[in-house]
Amino acid sequence: MSLRHLSIDELVDRALGGDRRAVGRLLSIVERGGAEAEQVETRTHAHGTDAHVIGITGAPGAGKSTMVARLVAAFTAASRGPAVVAVDPSSPLTGGAILGDRVRMAEVDTSAFIRSVATRGHSGGLALSVPGSARVLAAAGFDPVIIETVGVGQVEVDVTAAADTTVVVVTPGMGDAVQANKAGLLEVADIFVVNKADLPGASDARRDLELMLELSHVTGQEDASRRPPIVMVDSLAGEGIDAVRGAIDEHHDHLVTTDRLVERRRRRARYEMRSRAALAFERHLDDQLHTSEVAAMVEDVLAGSETPSSAARRLWQPDAS
Amino acid sequence: MSSTPPPPHRIVLAKLGLDGHDRGIKVVARMLRDAGMEVIYLGLRQTTDSIVAAVEQEDADAIGLSMHNAGHLTLGPAMLAALEEAGIEVPLIIGGIVPDDDRPILDAAGVAAVLGPGSSAEEVVATVRAAIDAA
Ligand SMILES: Nc1nc2c(ncn2[C@@H]2O[C@H](COP(=O)(O)OP(=O)(O)OP(=O)(O)O)[C@@H](O)[C@H]2O)c(=O)[nH]1
Ligand SMILES: [Mg+2]
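Residues numbered from 1 in each chain as written. Chains lettered and ligands numbered in written order. Predicted model: local features only at pLDDT ≥ 70, side-chain atom pairs only at ≥ 80, totals over all residues. Heavy atoms only, no water.

## Considerations on the overall build of chain B
And step 1. Scanning chain B from terminus to terminus reveals 5 helices and 5 strands.
And step 2. When its helices and strands are written in sequence order, chain B yields β-α-β-α-β-α-β-α-β-α.
And step 3. Relative to a compact globule of 135 residues, whose C-alpha radius of gyration would be 14 Å, chain B shows 14 Å and is just as compact.
And step 4. Its C-alpha atoms give chain B principal-axis dimensions of about 50 × 35 × 25 Å.
And step 5. Counting every position in chain B, which comprises 135 residues, the buried fraction comes to 50%.
And step 6. Within chain B, residue pairs in contact and separated by at least 24 positions form 71% of the contacts whose partners lie at least 6 positions apart.
And step 7. In the form shown here, chain B has an accessible surface area of approximately 6,100 Å², with 54% of it arising from carbon and sulfur atoms.
And step 8. Seen as two clouds, the 9 positive and the 19 negative side-chain charges of chain B have centres 12 Å apart. (Helix = DSSP H or I, 4+ residues; strand = E, 2+ residues; numbered from the N terminus. Rg over C-alpha atoms; globule rule 2.2 N^0.38 Å. Buried < 20%, exposed > 50% of the residue type's maximum accessible area, 1.4 Å probe, protein only. Contact = heavy atoms within 4.5 Å. Areas by Shrake-Rupley, 256 points an atom, 1.4 Å probe, with all protein chains shown as cover. Lys, Arg positive; Asp, Glu negative; His and termini not counted. Charge placed at Lys NZ, Arg CZ, Asp CG, Glu CD.)

## A short note on the site of ligand 1
Residue and element names in this part refer to chain A.
And step 1. Close to ligand 1 lie 19 residues; Lys64, Ser65, Thr66, Asp198 and Ser235 are nearest.
And step 2. Within the contact set of ligand 1, an oxygen atom lies 3.0 Å away from a side-chain nitrogen or oxygen of Arg104.
And step 3. A distance of 2.7 Å is found between an oxygen atom of ligand 1 and a backbone nitrogen or oxygen belonging to Ser235.
And step 4. For ligand 1, whose accessible area on its own is 650 Å², the fraction buried by protein is 78%.
And step 5. Among the elements of the structure, helix 4 (64-77) and strand 5 (145-150) are those that each provide at least two residues to the shell around ligand 1.
And step 6. With 3 residues, the single largest contributor to the shell around ligand 1 is helix 4. (Near = heavy atom within 4 Å. Polar contact = N/O pair within 3.5 Å; in protein donor to acceptor, adjacent residues only side chain to side chain.)

## A word on the side chain of Gln46 of chain B
Residues and elements named next belong to chain B.
And step 1. Note that Gln46 resides in strand 2 (residues 38-46).
And step 2. The buried category is assigned to Gln46, whose relative accessible area is 10%.
And step 3. A polar contact of 2.8 Å, which involves the side chain of Gln46, links it to the side chain of Ser50.

## Quick look at the coordination of the magnesium ion (ligand 2)
All names here are of chain A.
And step 1. Around the magnesium ion (ligand 2), the protein contributes the donor atoms Ser65 (OG), Asp101 (OD) and Glu148 (OE), which lie 2.1 to 2.2 Å from the metal centre.
And step 2. Sequence spacing of the donor residues for the magnesium ion (ligand 2), all on one chain, is S-x35-D-x46-E. Here Glu148 lies in strand 5 and Asp101 lies in the loop between strand 3 (97-99) and strand 4 (113-118), a separation of 47 residues in the sequence.
And step 3. With a relative accessible area of 9%, Asp101 lands in the buried category.
And step 4. Glu148 gets classed as buried once you look at its relative accessible area, which sits at 3%. (Donors = N, O, S within 2.8 Å, 3.2 Å for Na, K, Ca; no water.)

If you want it as structure tokens, here you go:
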């Protein structure tokens, strides 16, 4: 039966009842944004708030998807119902994307829900749609919800920072730890994984991380009460996966027992509100730029009778002079 | 509220069955990406069940299956049967070497289109778009 003629409410009812095609459709609506996405949000945001949202990030090719597949199997074996949101970049030229994370997740049981997401060019949109997608999955009963992003830009880091628990994946021999430091990933890490620990240089990578954690500006940024553990993993062989799962569960317990979970959720809400407002304001500004008032301001700036700063102020504070 | 632009088409690409060449399907994946589509690439040795699950989870608009081991007459209809059983109405496009005599059989079975090995990017993209628009 086709889902096309169903209303958002009907789709949500089905998704909450476990209809996976309805979940898939709702995720498309959320990714697209707009009024329908907001309707979905209205229906789902109060559900599934217990689900543990786990962010997994690291350099391209670090083995994130391979590890996520193993983690999913471990969670499934422990009678949890995991879902994955795997984010890959869209081509800036064509808007298209090849989403290949599922190749590494081929062995995963079909009871786990995997969704491949393209960044679609607007970074602001990604920061909005990913939390929304996580909420749909949580409302549908999936727990944990694992978000895989490539840790390259600020947005990807931000998206991962919107998780309850963030796992940063590095690999031996590429100066990954140093790169992760530069990319701002170390500050957001609750757990480090040295993946490909079967390769030479794994213990050096571990030592690099330990050294960087020693530096006071790294430790204690986010949560001074706890030092992020470093877990050595061989995702191909599945070694160390139970330790990663253990560290993830331990971090969740830590958040709950110290009331930090609420604080993280507060931060998530703040961040999402800010992203949403920023996007709306950007769109508003773009519309403004084509009005005759702004055209007149542009002339004033060109003629030297108004400074760009004061014209800009009038754009967002129409009453300012 | 400003209206949202239509999202890119999403297509699941996979190889069904046992043969292990993925060059052709990767070329097709790039053609579709370069035409602005989101290609969810599943890789080799998929089963009808794994493809059905992926199409549900990914809310795909189309499925592209590549087969080079002359399995199209059994695997194509098996895929269609699995989709029908799952209640999924998504066009199925088959890529690979399909003899002319077999095409009417696949058409009759409900395969939306067949793309031969030498298809150009224009043909591939136009065929996928037409199949999605007709669905
Ligand atoms: N030796 C070794 N190779 C691994 C390990 N984990 C993953 N790989 C390989 O690393 C390559 C990349 O793995 P992926 O899981 O696709 O990496 P990823 O970080 O998800 O990649 P992107 O999503 O493209 O950024 C593949 O060839 C994997 O087989 C590991 O523990 N040891
Ligand atoms: Mg990946």
